[in-house]
Amino acid sequence: MLEPIVVTGLGSVSPLGVGLHANWERIVAGRSGIRENTRFDTQGWKCRVAGLVPSFAEDAEGFAPEAAMDSRELRRNDLFIQYAMAAAKEALDQAVWHPERPEERRRTATVVATGVGGIPAITSATELIRASGVRRLSPFVVPSFLPNLAAGQIAIRFGFHGPSGAPTTACAASAQAIGDALRMIRSGEVDIALCGGAEACVDPVAIGGFTAAKALSTQFNDDPQCASRPFDSDHDGFVLSEGAAMLVIERLSHAEGRGARPLAVLSGYGTTTDGHHVTAGWPDGREACRAMQAALAMARLDATQLGYVNAHGTSTPIGDAAELAALRSLLGEAHGRVPISSTKSATGHMLGAAGAIEAAFCVLALQTQTLPPGLNIKRPMPGAEGFDLLRSEARAADVEHALTNAFGFGGVNASLIFSRYRDAA
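Counting of residues starts from 1 at the beginning of each chain's written sequence and follows it residue by residue. The predicted origin of the model limits local features to residues at a pLDDT of at least 70 and limits the giving and counting of side-chain atom pairs to 80 or more, whereas totals for whole chains, interfaces and linings rest on all residues. Think of the side-chain values as coming from all heavy atoms in the structure, minus any hydrogens and water.

### Details of the side chain of threonine 114
In DSSP terms, a helix is any run of H or I states spanning at least four residues, a strand is any run of E spanning at least two, and both are numbered starting from the N terminus. Considering the arrangement of structural elements, one finds threonine 114 in the loop between strand E5 (108–113) and helix H6 (119–132). Look past the residues within four positions of threonine 114 in its chain and what remains in contact with it is Phe80, Pro147, Pro167, Thr168, Ala173, Ala198, Glu199 and Gly352. The contact definition used throughout considers only heavy atoms, calling two residues in contact when any of these lie within 4.5 Å.

Here is the structure:
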């Protein structure tokens, strides 16, 4: 029998705030982190809302960049790397993993995903060239935006010498980062891994591009907290958001050997590709369903044993419908007995960081036996009939296994299953 892989640390930066405590307390309370986009002037834009990480100046639970990096590092690194560093530090502190011995450092993997990387740094560099010429570019501009530099900077800071990775599979990226880390541990390549994702592309290029693709919500500019509404009949697109989330995962014997406290078991992972369309999955969710089935097979579970699903649920009509179709196929007659919510209703869509923060919410749901609500479901969409959609309020529940989905452009599907940790002693 394969040895369990357990989660021993979590870290988060999101539009709900910085740190696990703030994120969980606020999402369970039904709060939203979506607001007017003040990152740049959006006058005349179709979409004027976003999920912005609050600053420490405006929120006691907000982001203080200097807590993540010193002033020189901040100048040299795009915002997504700064968010990644803050989430990594929290996760490693909770896991109490700060190895000093060379062998421990060599057996630590760093897998940090991003869907886009440093678009703001690229945009700024382009504007600088046009305004002042190429000679004004910093030698650090390329390392500031490379997708793998979140993992790279974290490995440098903490001295990790095991394998590193940076999946860039759009909105499935950080779920695949966790799955990749799981495989590294299972293969015996490493004992422990820091894994997750980071994103910070609330930027004119990203907002403009997604708007052109008709992917963003444009109907709730005057009521931002209502804009993200997965599985509601009035959903009209996702809300672009930013942040980071990290997990520390390791073999159970490794955790026990160093006295670490397991938070949950990472019991299953599955991934597939639609091979169908650049931005839309199969309408019947066939390959998304197969990813969930693969995760269940690894976990050696039946779909009826699931106690909660944190859905990908971005608030796009096509995507929400395909995921519900996939879940109906997966769960069969039990589809009405498994509670479902999409926490993107509160955080917005953090793209390459979404899978990781939703994984963290699943771990916290298992720990607290509390299911986070889905916001803004006033009239469930067609196709939602019979599903147990969590609406408005958190729910106490006896949950042993939770599944979370992450689907990305290009047809990438990834599913993770977390199980409640019970000490055999």
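### Quick look at unusual backbone geometry
Here alanine 170, not a glycine, exhibits a phi torsion of approximately 50°, which is positive. Secondary-structure assignment places alanine 170 in the loop between strand E6 (164–165) and helix H9 (173–186). Any residue under 20% of the maximum accessible area for its type is buried, any over 50% is exposed, and the rest in between are partly exposed; the area is computed with a 1.4 Å probe on protein chains only. Alanine 170 gets classed as buried once you look at its relative accessible area, which sits at 17%. In this structure, lysine 214 is a non-glycine residue whose phi angle is positive, near 60°. Here lysine 214 is to be found in the loop between helix H10 (204–212) and strand E8 (243–251).

### Comments concerning H10
Listed in full, the buried residues belonging to H10 are Ala206, Ile207, Phe210 and Thr211. Viewed end-on, H10 has its buried residues packed into an arc of 125°, placing them on one side of the element. The backbone nitrogen of valine 205 lies 2.7 Å from a side-chain oxygen of the residue at the head of H10, namely aspartate 203. Just beyond H10, the residue with positive phi is lysine 214, at close to 60°. It is the directions from the helix axis to the C-beta atoms whose arc is reported. Two N or O atoms count as a polar contact when they lie within 3.5 Å, although within protein this holds only if one can serve as hydrogen donor and the other as acceptor, and sequence-adjacent residues are included solely when both atoms are side-chain atoms.

### Things to note about helix H4 (residues 79–95)
Along its 17 residues, H4 runs 24 Å from first to last C-alpha, staying within 8% of the 24 Å computed at 1.5 Å per residue. Counting buried positions over the 17 residues of H4 gives 12, a clear majority of the element. Of the positions making up H4, those classed as buried are Phe80, Ile81, Gln82, Tyr83, Ala84, Met85, Ala86, Ala87, Ala88, Ala91, Leu92 and Ala95. Trailing H4 by a residue or two, valine 96 shows a phi angle of about 55°, which is positive. The span one expects for a helix is its residue count, reduced by one, times 1.5 Å.

### Section: the packing of helix H1 (residues 20–28) against helix H15 (residues 354–368)
To obtain an axis, a line is fitted to C-alpha atoms, over the contacting stretch when the element is a helix, and the angle between two such axes runs from 0 to 180 degrees between their N-to-C directions. Contact pair H1 / H15: the axes reach a minimum separation of 11 Å and the direction vectors enclose 75°. Overall, the two elements H1 and H15 adopt an arrangement that is roughly perpendicular. Counting all contacts with H1, which are made through Leu20, Asn23, Trp24 and Ile27, the residues of H15 involved are Ile357, Phe361, Leu364, Ala365 and Thr368. Across the contact of H1 with H15, the residue classes tally to seven nonpolar, two polar and no charged. Roughly parallel here means an angle under 35 degrees, roughly antiparallel means over 145, roughly perpendicular means 65 to 115, and every remaining angle is called oblique. By the convention adopted, Pro, Cys, Tyr, Trp, Phe, Met, Ile, Leu, Val and Ala count as nonpolar, Lys, Arg, Asp and Glu as charged, and the other residues, Gly among them, as polar.

### A few points about the nonpolar core
What makes a nonpolar core is a set of buried Ala, Val, Leu, Ile, Met, Phe, Trp, Tyr and Cys residues whose side-chain atoms join them at distances within 4.5 Å. With 54 residues, the main nonpolar core has Val7, Leu10, Ile178, Leu247, Ile249, Leu416 and Phe418 as its most contacted residues. In terms of residues, this core owes the most to one element, H15, which gives 11 residues. Isoleucine 249 has contacts with Ile5, Val6, Val7, Ile178, Ala181, Leu182, Ile185, Asp191, Ile192, Ala193, Cys195 and Leu266, leaving out every residue within four places of it along the chain. In this structure, Met69, Leu194, Ala198 and Ala244 belong to the second largest nonpolar core, which totals 32 residues.

### Overview of the packing of aromatic side chains
We call Phe, Tyr and Trp rings a pair once their centres come within 6.5 Å, taking the six-membered ring for Trp, and we label the pair stacked below 30 degrees between planes, edge-to-face above 60, and tilted otherwise. Summed over all chains, the structure comprises six aromatic pairs. Through a chain of ring-to-ring contacts, the aromatic side chains of Phe210, Phe238 and Phe409 assemble into a single cluster. Criterion for a charge above a ring: Arg CZ or Lys NZ at most 6 Å from the ring centre, at most 35 degrees from the ring normal. It is arginine 286 that lies over the ring of tryptophan 282; its NZ or CZ is 3.7 Å from the centre.

### Brief notes about the environment of arginine 35
Of note, arginine 35 is situated in strand E3 (residues 34–36). Placed 14 residues apart in sequence, arginine 35 and valine 49 show a C-alpha to C-alpha distance of 5.6 Å. If we skip the residues at most four places from it in the chain, arginine 35 touches Arg48, Val49, Ala50, Leu52, Val53, Pro54, Glu58 and Pro224. A polar atom in the side chain of arginine 35 sits 3.1 Å from the side chain of glutamate 58.

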